[in-house]
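# Notes for the structure review
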Amino acid sequence: MNPIHTLPNYINGQWCASSAREHLDVINPATAEVLARVPLSTANEVNQAAQAASEAFTNWRRTPPTERVQYLFKLKNLLEEHFEDLARTITTECGKTLAESKGEMRRAIENVEVACGIPIMMQGTNLEDVARGIDEMMIRQPLGVAAVIGPFNFPGMIPFWFLPYALACGNTYIVKPSEKVPLTMQKVFELFEKTGLPKGVVNLVNGAKEAVDAILDHPKIRAISFVGSTPVAKYIYSRAATNGKRVQCQGGAKNPLIVLPDADMEMTTRIAADSAFGCAGQRCLAASLAVTVGKAGETFTEAIAETAKKRIVGNGLDPDVEMGPVITAQSKARIEQLVQQGADEGAKLLVDGRSPKISGYEQGYFIQPTILQNVEPTGEIARTEIFGPVLSLIHLNTIEEAIALINSGQYGNMACLFTTSGAAARKFRYEAEAGNIGINIGVAAPMAFFPFSGWKESFFGDLHGQSNHAVEFFTQTKVVVERWPSEWSRQF
Ligand code: NAD
């Protein structure tokens, strides 16, 4: 057996051993096998990364955008070349199926492609003769050093909602991946190394709270993008903003699907099951509540229960598997405890997927799809983010009641409607309080050329990830007012 490898950081163009005193095991959730040890890097290591990034900024911001994107073109090609390996790494450390990991990497690459358009996206505006002989222009300049703090559930994609835009705009960067899934970024940084990017332009610091706090407090770090749970998002938003940084924090979710009686039930069931149980329910856009309206109740309930029971659960590397494990033993225990709480609150356990026996993977953190029926709309289980393959069913009489239920929730990441009525779809799109709306779509994840984020306690900040929002986030505007009196040109 190979000895367990301790992961290095990547600072100033060098792979370097961390001086951390503490380490955590990186665990394959399908097998409970220890894959590596991740260092919980110290504030001093964050400082080294911030210093390196700050020094690199001087030249990087002066590198023309057309040259900067050449590195992104190289990166895109390398990501394509290593696509399979990256997807396998995601599955191995995060548990999702290989098809899901490939989907994740595809979206990561799409963001690199969009950021390659920076010479156009970063352009400012100007107006001649705002007064006689006076011109005014707005230009965009990079901020300096920026950082991302990532969650466990999309180790490959989420840093790419921000990083390619930050670099393309002329910033330098620090990535702090989730300590639960640090292996994918190790591979991505091996590819960064091959692009020949100048040293210090991108840096990787592994770790947890100590490293995060050092990022939040470091005077040279100007902007922070965070994706994770709402309590941590709130903490990061307030501490970083108090330190004068630009911050965007994406938080948790409790995503509802509404099923109207006129919906195409076969399609709705298939899509709802993918939304609720895909990635083992560990997607920020996973359906967690299904609200049936009127006669939809009976047909949808029966069909979704059948679909849930048929889902093949196992190691995501197995091509037949449709759903992998949840991320940790603690997460599995928490989800199962919440399911019990739902039952104790009076819901019916229509499909109970707790503690399945998955042959050959007895140590893995598996939960089979689980459905709670007749969930109390104001109860804890209808409000708390479960982040596992658990769907709660609520039955209401009208679309108005369903929209009111959605809008009374704490979160606003996504809301979806299933219907064949254009009028109902328009009403829903207009009234539902969420940053992402799906109409006959179960995971309304915008493509890279649209901004991505939620509302309410699913997001703290204003500019979102991806697209022109990311360009605005990673630049500051400067307005120049120039006077060139026409009489001065007479001398030429
Ligand atoms: P998490 O909040 O536990 O951790 C996210 C990051 O914060 C990690 O890098 C971690 O090291 C750091 N962190 C954790 N606790 C901290 C603390 N006390 N102080 C400083 N840093 C801390 O989230 P997670 O469990 O990795 O991810 C799952 C959560 O992320 C879910 O709530 C999910 O909804 C959310 N999420 C949201 C989106 C979105 O776009 N809104 C996308 C993906 C995931």
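All values reported here derive from a predicted model rather than from experimental measurement.

### Re the overall build of the chain
Broken down by element type, the chain carries 15 helices and 22 strands. Whereas a compact globule of 492 residues would reach a radius of gyration of roughly 23 Å, the chain reaches 24 Å, a difference of no more than 12%. Each of the 492 residues in the chain was classed as buried or not, and the buried ones make up 57%. If you sum the accessible surface of the chain, you get close to 20,400 Å²; carbon and sulfur atoms cover 52% of it. In the chain, the 46 positive side-chain charges and the 52 negative ones have mean positions that sit 4 Å from each other.

### Quick notes on the site of the ligand
Around the ligand sit 28 residues, and of these Gly150, Lys176, Glu179, Ser229 and Glu385 come closest. Taking Lys176, its side chain carries an N or O atom lying 2.8 Å from an oxygen atom of the ligand. Glu179 places a polar side-chain atom, nitrogen or oxygen, 2.6 Å from an oxygen atom of the ligand. The cavity that encloses the ligand is the largest pocket. Of the residues belonging to the shell around the ligand, the class tally is 15 nonpolar, 9 polar and 4 charged. Each of two domains, domain 1 (9-251 + 458-479) and domain 2 (255-439), supplies a minimum of three residues to the shell around the ligand.

### As for the sheet that holds strand β6 (residues 134-142)
Backbone hydrogen bonds are what pair the strands of a sheet, in a parallel or an antiparallel way. An order of β5-β6-β22 is seen for the 3 strands of this open sheet, with the pairing classed as antiparallel. Each end of this open sheet is capped by a strand with a single partner; those strands are β5 (125-131) and β22 (475-483). Here the average twist between neighbouring strands, direction ignored, is 25 degrees.

### Examining the packing of helix α3 (residues 83-94) against helix α7 (residues 183-195)
Relative to each other, α3 and α7 sit at 160 degrees, their axes nearing to 8 Å. In terms of axis orientation, α3 runs roughly antiparallel to α7. The chirality of how α3 crosses α7 is right-handed. The segment α3 lies against α7, with Asp85, Leu86, Thr89, Ile90 and Glu93 engaging Leu183, Thr184, Lys187, Val188 and Leu191. Among the residues making up the contact of α3 with α7, the classes are represented as 5 nonpolar, 2 polar and 3 charged.

### Comments concerning the nonpolar core
By size, the foremost hydrophobic cluster in this structure holds 123 residues, and its most contacted members are Leu79, Leu167, Tyr173, Phe192, Ile258, Leu391 and Phe474. Shared between two domains, this core takes at least three residues from each, and those domains are domain 1 (9-251 + 458-479) and domain 2 (255-439). Listed in part, the 25 residues of the second largest apolar core include Ala50, Val145, Val212 and Phe226.

### A short note on empty space enclosed by the protein
Applying the stated criterion across every chain, the model contains 3 cavities of 30 Å³ or more. Each pocket or cavity is described by its volume, and for the largest cavity that value is around 180 Å³. Lining the largest cavity are 19 residues, and of these Lys254, Leu289, Leu405, Ile406 and Gly409 lie nearest its centre. Listed by contribution, the elements that provide at least two residues to the lining of the largest cavity are β12 (255-259), β13 (287-293), α13 (399-407) and β17 (411-412). Here the second largest cavity defines a volume of roughly 100 Å³. In terms of lining residues, the second largest cavity is bounded by 15 residues, among which Gly281, Ala286, Ser288, Ile386 and Phe387 are the most central. The class makeup of the residues in the lining of the second largest cavity is 8 nonpolar, 4 polar and 3 charged.

### Overview of unusual backbone geometry
Backbone phi values are negative for most residues with the exception of glycine, while trans is the configuration of most peptide bonds. Here Asn12, not a glycine, exhibits a phi torsion of approximately 55 degrees, which is positive. You can see Asn12 is positioned in the loop between β1 (9-11) and β2 (14-16). The phi dihedral of Phe387 is positive, around 55 degrees, even though this residue is not glycine. Tracing the backbone shows Phe387 in the loop between β15 (370-373) and β16 (390-396).

### Concerning the side chain of Ser453
As for its position among the elements, Ser453 is in the loop between β19 (436-439) and β20 (455-456). Residue Ser453 is classed as buried on the basis of its relative accessible area, which comes to 2%. When residues no more than four places from it in sequence are discounted, the contact partners of Ser453 are Gln250, Asn413, Gly435, Asn436, Phe459 and His464.

### Regarding the pairing of strand β10 (residues 221-227)
Counting buried positions along β10 yields 6 of 7 residues, so the element is predominantly enclosed. Pairing between β10 and strand β11 (residues 246-250): 5 bridges, direction parallel. The partner of Ala223 across the bridge, within β11, is Arg246. Where the polypeptide runs from β10 across helix α9 (residues 230-242) and back to β11, its parallel neighbour, the crossover connection is right-handed.

Here is what the cut-offs are and how they apply
- Every chain's residues receive numbers from 1 upward, in the order its sequence appears when written.
- Predicted model: local features are reported for residues with pLDDT of at least 70 only, side-chain atom pairs are reported and counted for 80 or more only, and whole-chain, interface and lining totals are derived from all residues.
- Side-chain metrics in this entry use all non-hydrogen atoms of the structure; hydrogen atoms and water are not considered.
- A run of DSSP states H or I qualifies as a helix once it reaches four residues; a run of E qualifies as a strand once it reaches two. Both are numbered from the N-terminal end.
- With the radius of gyration taken over C-alpha atoms, the globule rule is written as 2.2 Å times the number of residues to the power 0.38.
- When a residue's accessible area, from a 1.4 Å probe over protein chains only, is under 20% of the maximum for its type it is buried; when over 50% it is exposed; and in between it is partly exposed.
- In short, Shrake-Rupley with a 1.4 Å probe defines the accessible areas, and a residue's cover is counted only from the protein chains shown.
- Residues scored as charged are limited to Lys and Arg (positive) and Asp and Glu (negative), so that His and the chain ends carry no count.
- Think of each charge as sitting on NZ of Lys, CZ of Arg, CG of Asp or CD of Glu.
- The rule for a residue being near a molecule or strand is that one of its heavy atoms must lie within 4 Å of it.
- Under the rule applied, a polar contact is a pair of N or O atoms within 3.5 Å (in protein, one hydrogen donor and one hydrogen acceptor; residues adjacent in sequence only if both atoms are side-chain atoms).
- Put simply, the grid is 1 Å and covers the protein atoms alone, a cavity is a trapped set of points that fit a 1.4 Å probe, a pocket is an open set with protein on both sides within 12 Å along at least five of seven lines, and lining residues have an atom within 4 Å of a point.
- Whether a molecule lies in a cavity or pocket depends on its atoms, and more than half of them have to be within 2 Å of the grid points.
- Each residue is assigned to one of three groups, with Ala, Val, Leu, Ile, Met, Phe, Trp, Tyr, Cys and Pro labelled nonpolar, Asp, Glu, Lys and Arg labelled charged, and all others, Gly among them, labelled polar.
- In this document the domain limits rely on a domain assignment from an automatic tool or a database.
- At least two bridges found by DSSP between two strands is the condition for calling them paired.
- Each axis is a line fitted through C-alpha atoms, and for a helix only the stretch in contact is used; angles between axes span 0 to 180 degrees, taken between their N-to-C directions.
- Note on terminology: angles under 35 degrees are roughly parallel, angles over 145 are roughly antiparallel, angles of 65 to 115 are roughly perpendicular, and the others are oblique.
- Here a crossing is taken to be left-handed if its near helix is turned anticlockwise relative to the far helix by less than a right angle, and right-handed if that turn runs clockwise.
- In this description, contact between two residues means that some pair of their heavy atoms is separated by no more than 4.5 Å.
- Think of a nonpolar core as a cluster: buried Ala, Val, Leu, Ile, Met, Phe, Trp, Tyr and Cys residues, connected wherever their side-chain atoms sit within 4.5 Å.
- Grid points are joined across faces, edges and corners, and a volume is the space filled by probe spheres set on the points.
- By the criterion used throughout, a crossover qualifies as right-handed when its path from the first strand across the helix to the second strand runs clockwise, the strands pointing away from the viewer.

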